[in-house]
Amino acid sequence: MPLSEHEQRMLEQMERALYAEDPKFASALEGNGLRTYTRRRVYQAVAGFLAGIALLMAGMVAQLIWVSVVGFLVMLGCAVLAVTGWRKTPKPGEQPPAGMRRQARPRRSMMDRIEQRWQRRRDEQGH
């Protein structure tokens, strides 16, 4: 559930106050959340890769080609996730790249905009 505009403003005020009060602590907190998330993502990708190997081998032993193909696709997808996650991990004490920082005003997805328009039309028609 997204934050309301008031809640978003309050959160931004608290963040600014934290940066003003202790910028070193605030930047340390910002990097740790992203680093932990990407590290967990990489570990999950490695586990998925191992599961893909198991599927590939099981398909070969059972002589079921489709199981082997699924195992290979799982391995490929997990390898891509692991590599992209590993590259995005900021080093300790390093600021995340500008594109990965949380923006002050998050962009709404296309579905959110469509749902808002639909709701507005329903409200205008008196439903």
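Residues numbered from 1 in each chain as written. Predicted model: local features only at pLDDT ≥ 70, side-chain atom pairs only at ≥ 80, totals over all residues. Heavy atoms only, no water.

(A) Inspection of unusual backbone geometry at higher detail. Positive phi, normally seen in glycine, also occurs at Gln 63, with a value near 55°. Mapped onto the fold, Gln 63 is located in the loop between helix H2 (23–61) and helix H3 (65–88). Overall, the relative accessible area of 70% leaves Gln 63 in the exposed class. (Helix = DSSP H or I, 4+ residues; strand = E, 2+ residues; numbered from the N terminus. Buried < 20%, exposed > 50% of the residue type's maximum accessible area, 1.4 Å probe, protein only.)

(B) Fine view of the UniProt feature "transmembrane region" (unreviewed entry) in the chain. As recorded in UniProt, the feature "transmembrane region" (unreviewed entry) lies at residues 42–59 and 65–86. Counted over residues 42–59, helix gives 100% and strand 0%. Its end C-alpha atoms are 25 Å apart. (UniProt positions renumbered as here; feature names shortened; annotations may be inferred.)

(C) Examining the side chain of Ser 68 more closely. Structurally, Ser 68 is set in helix H3. Taking relative accessible area as the criterion, Ser 68 reaches 12% and is therefore assigned buried. Within polar-contact distance, the side chain of Ser 68 engages the backbone nitrogen of Met 60 at 3.2 Å. In this structure, Ser 68 is in contact with Leu 55, Leu 56, Gly 59 and Met 60, ignoring residues within four places of it in sequence. (Polar contact = N/O pair within 3.5 Å; in protein donor to acceptor, adjacent residues only side chain to side chain. Contact = heavy atoms within 4.5 Å.)

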